[in-house]
Amino acid sequence: MKLISYRHGGREAYGVVKDGGIVDMSVRMDHPSLKQAIAGLSVGEMEKIAANADADVSLDDIEYMFPITTPEKIFCIGRNYRAYHEVLEDGGPKWPSIFPRYASSFAPHGEAIYRPAVSDQLDYEGEIGVIIGKAGRHIPEENALDYVAGYTIINEGTVRDWLKKGTQNSPGKNFHRSGAIGPWMVTRDEIDDSDALQIKTTVSDEIRQDGGSDMMIFKIPFVISHISKITWLEPGDMIATGSPGGSAVESDPPNWLKPGETISINIEPIGTLSNPIAAE
Amino acid sequence: MKLASFAVAGRNGFGVVTDDGVIGLTGRLSGRQQTLRELLEANAIDEARSAIEGVAPDYPLDKVELLLPIPDPEKIYCVGQNYREHILEMGFEIPTSPSIFSRYIRTFVPHEGHMVMPSHSEEFDYEGEMTVVIGRPTRHVSTADALDYVAGYTVCNDGSIRDWQRTGPQVAPGKNWERSGMLGPWITTADEAGDPANMNLTTHVNGELRQQSNTRDLVFPAAYLISYISTFITLMPGDMITTGSPAGVAVGFNPPKWLKPGDKVEVEIENVGTLAADVVAPE
């Protein structure tokens, strides 16, 4: 099931994607937001309601919002994919690289991603986004997927020259609307194996990234367990799980994103996250 | 004026801490704001000042439980290695750009709260810091104009789990442990706090002086940090920038003076306030 948050007729709503439209759940449930519906363990109920209802609104007529409009936390994992056949030195890093990112550094599906006024080095990173469904702390790795409500697509857009101005990457990872999240989330039951997803990024019809999640160094259950040692994970929290090779910085010369281009990230069975690039 | 968020008789409120007690602002503002963040969003500091004129306190200070001054900020940015003397002492070069990372609000406890000793580390450290609270939205602001967007200042312990800071190239894992830092006790408005580039700071642990400096030693002062961060993101009312910590942290001693359950940490910023909390064992 695909769950979406959106704006229509000046109103914020959420619902179930069905037949190119949306069954509006915000008028059928008590929960004011998708985050609260998930936290209220109402996914099964939404599925039943949607099965017996027609779409209320077409996807063509809505403004997309982040699937979770106000996540408390977004953690990103850096350098989490190895290249095919790559053998990591000394078995690779022992721990993942983790950093937070605020929601205002992302754009929703369909809206412009901004190339900053102060840099030309806008890069893309297509990633699987994990959305937490129930609160947990000290989650054992073997049960970690029980805490996942579903998956979305994240363009963990990066302004490369601002990554290394200090010792920390926050400035390059927090430019206003330099990434994207969406278009919706797919519930966990639709993905049998999160290690068997293919991330394909195209920029104006040219394929730039095509990598499988089997190349992830730190797998999703490990990452959830690891972060939950540090802090409570709450319903609606997101984890951007890292990006396969093929970012703009890796070409020679780097093919940075430019205003006028469109970037699309496809991960089946989630869908495609697509955004135009605009000058700030 | 000292703006605080608090709980009293099971209800959350916000208001002004005066010498005689706390005046609640709930119901006293024309916009019916319910939180301190909403007050800042409405740019209503001046209105709050008028609203409490001649009003008797509603509660003695010791009858309210102070909460995090802004319990629900959109963003908190922290700055590492920003005190000149401390950087030189550690043998580092003076940086040309600030090191900026973020931490979530739930990693902080309020004044007189209980920090929780991390369950997976012994290396629990303190960092007394002066913190800027943004009052109005701003993007691409110059250093010269930056302080116009400040609502006030508060006090922070940017508590750090040192071994988890080194688990990867980013310090975030060591800076985001649940209830590992402190923030408060209130926001002292900019007019009353004085020059953010000249504030004395001290940190005591169990009464022992550990950190003593002045914000004039900051490599990147508050105005510069606001301008710099606004290059990449819109700073919003209630957002906070905590400006870094001077020499004297636990890891700097030989052997390190790590925090442990039962310890009490007290950070004072002159003209802003004194923030105190203790450490308890993990649940």
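Above this note sits the structure.
Basis of the calculations
- Residues numbered from 1 in each chain as written.
- Chains lettered and ligands numbered in written order.
- Predicted model: local features only at pLDDT ≥ 70, side-chain atom pairs only at ≥ 80, totals over all residues.
- Heavy atoms only, no water.
- Helix = DSSP H or I, 4+ residues; strand = E, 2+ residues; numbered from the N terminus.
- Rg over C-alpha atoms; globule rule 2.2 N^0.38 Å.
- Contact = heavy atoms within 4.5 Å.
- Areas by Shrake-Rupley, 256 points an atom, 1.4 Å probe, with all protein chains shown as cover.
- Buried < 20%, exposed > 50% of the residue type's maximum accessible area, 1.4 Å probe, protein only.
- Lys, Arg positive; Asp, Glu negative; His and termini not counted.
- Charge placed at Lys NZ, Arg CZ, Asp CG, Glu CD.
- Pairing = 2+ DSSP bridges.
- Axes fitted to C-alpha atoms, helices over the stretch in contact; angles between N-to-C directions.
- Buried area = accessible area lost by both parts, 1.4 Å probe.
- Salt bridge = Lys/Arg side-chain N within 4 Å of Asp/Glu carboxyl O.
- Polar contact = N/O pair within 3.5 Å; in protein donor to acceptor, adjacent residues only side chain to side chain.
- Nonpolar A, V, L, I, M, F, W, Y, C, P; charged D, E, K, R; others polar.
- Phe/Tyr/Trp six-rings, centres within 6.5 Å; stacked < 30°, edge-to-face > 60°.
- Lys NZ or Arg CZ within 6 Å of the ring centre and 35° of its normal.
- 1 Å grid on protein atoms, 1.4 Å probe; cavity = no way out; pocket = protein on both sides within 12 Å on 5 of 7 lines; lining within 4 Å.
- Points joined across faces, edges and corners; volume = space filled by probe spheres on them.

K.L.:
Would you mind going over the overall build of chain B in detail, with residue names and values included?
P.N.:
Tallying secondary structure elements over chain B gives 8 helices and 18 strands in all. For 283 residues, the compact-globule estimate of 2.2 N^0.38 gives 19 Å, and chain B sits close to it at 18 Å. By principal-axis analysis of the C-alpha atoms, chain B measures approximately 55 × 45 × 30 Å. Taking all contacts inside chain B whose residues are at least 6 apart in sequence as the whole, residues at least 24 apart take part in 75%. Here chain B displays about 10900 Å² of accessible surface, and carbon together with sulfur accounts for 47% of that area.

K.L.:
Could you give an account of the overall build of chain A, with specific residues and numbers?
P.N.:
If you tally the helices and strands in chain A, you get 4 helices and 19 strands. Relative to the globule expectation of 19 Å for 280 residues, the C-alpha radius of gyration of chain A, 18 Å, shows essentially globular dimensions. Once the C-alpha set of chain A is aligned to its principal axes, its extents read approximately 55 × 45 × 30 Å. Across the 280 residues of chain A, 57% fall into the buried class. Counting only contacts in chain A whose residues sit at least 6 apart along the sequence, the fraction spanning at least 24 positions is 75%. Carbon and sulfur atoms form 46% of the exposed surface of chain A, whose accessible area is close to 11100 Å². Taking the average location of the 26 positive side-chain charges in chain A and that of its 41 negative ones, the two points are 5 Å from each other.

K.L.:
Residues and numbers for the sheet that holds strand β9 (residues 113-115) of chain A, please.
P.N.:
Residues and elements named next belong to chain A. Here 5 strands make up an open sheet; going across it, the order is β9-β19-β18-β15-β16 and the pairing mixed. Every other strand in the sheet has two partners, leaving β9 and β16 (206-212) as the edge strands with one partner each. Shown here is a sheet whose adjacent strand axes are inclined to one another by a mean of 20 degrees, direction ignored. Pairing of β9 with strand β19 (residues 271-279), which is carried by 3 bridges, proceeds in the parallel orientation. For R115, the partnering residue across the bridge sits in β19 and is A279.

K.L.:
Lay out the interface of chain B and chain A in plain terms, naming residues and giving numbers.
P.N.:
At the interface, 32 residues of chain B touch 36 residues of chain A. Counting each side, the surface lost to burial between chain B and chain A is near 3200 Å², with a carbon and sulfur contribution of 58%. If you look at where chain B meets chain A, you find 3 salt bridges. Scanning the region where chain B abuts chain A turns up 17 residue pairs in polar contact (both at pLDDT 80 or more). Among the elements of the structure, β5 (76-80), β6 (99-102), α6 (172-175) and α8 (222-232) of chain B are those that each provide at least two residues to the side of chain B that touches chain A. Sorting elements by how many residues they give to the side of chain B that touches chain A places β6(B) first, with 4 residues. The residue inventory of the side of chain B that touches chain A, partitioned by class, reads 15 nonpolar, 11 polar and 6 charged.

K.L.:
Tell me what's going on with α8(B), and back it up with residues and numbers.
P.N.:
Within α8(B), 10 of the 11 residues are buried, leaving the element largely enclosed by the surrounding structure. For α8(B), the full list of buried residues reads A222(B), A223(B), L225(B), I226(B), S227(B), Y228(B), I229(B), S230(B), T231(B) and F232(B).

K.L.:
I'd like to hear about the packing of aromatic side chains, residue by residue, with values.
P.N.:
As enumerated under the stated definition, the model contains 14 aromatic pairs over all chains in all. Both rings, one in F6(B) and one in Y59(B), keep their centres 5.9 Å apart while their planes meet at 65 degrees; by these two values the pair is edge-to-face. Placement of the pair is F6(B) in strand β1 (residues 2-8) and Y59(B) in the loop between α2 (45-51) and β4 (65-66), with a sequence separation of 53 residues. Exposure remark for Y59(B): the relative accessible area of 28% places this residue in the partly exposed category. A cation over a ring is seen here: K165(A) above W162(A), with NZ or CZ 4.7 Å from the ring centre.

K.L.:
Which residues make up the pattern of salt bridges, and what values go with them?
P.N.:
All names here are of chain A. Enumeration according to the criterion identifies 34 salt bridges over all chains in this entry. One salt bridge in this structure joins E125 and K173, with 3.4 Å as the shortest N-O distance. With a gap of 48 residues between them, E125 in the loop between β10 (122-123) and β11 (126-132) and K173 in helix α3 (residues 170-173) connect regions that are remote in the sequence. Pair check on accessibility: E125 and K173 agree, each one buried.

K.L.:
Pulling in residues and values, what's your account of the layout of surface pockets?
P.N.:
By volume, the largest pocket amounts to about 870 Å³. The wall of the largest pocket is formed by 35 residues, among which T69(A), T70(A), A103(A), S104(A) and E74(B) lie closest to the centre. Among the secondary structure elements, those contributing two or more residues to the lining of the largest pocket are β5 (63-64) and β8 (106-108) of chain A. Per-class residue counts for the lining of the largest pocket are 15 nonpolar, 5 polar and 15 charged. Taken as a whole, the second largest pocket holds about 740 Å³ of empty space. Lining the second largest pocket are 37 residues, with G78(A), R79(A), N80(A), E125(A) and R160(A) sitting closest to its centre. Looking at the lining of the second largest pocket, the elements that each hand over two or more residues are β6 (74-78), β7 (97-100) and β16 of chain A. For the lining of the second largest pocket, the element with the most residues is β16(A), which contributes 3 residues. Partitioned by chemical class, the residues of the lining of the second largest pocket number 12 nonpolar, 14 polar and 11 charged.

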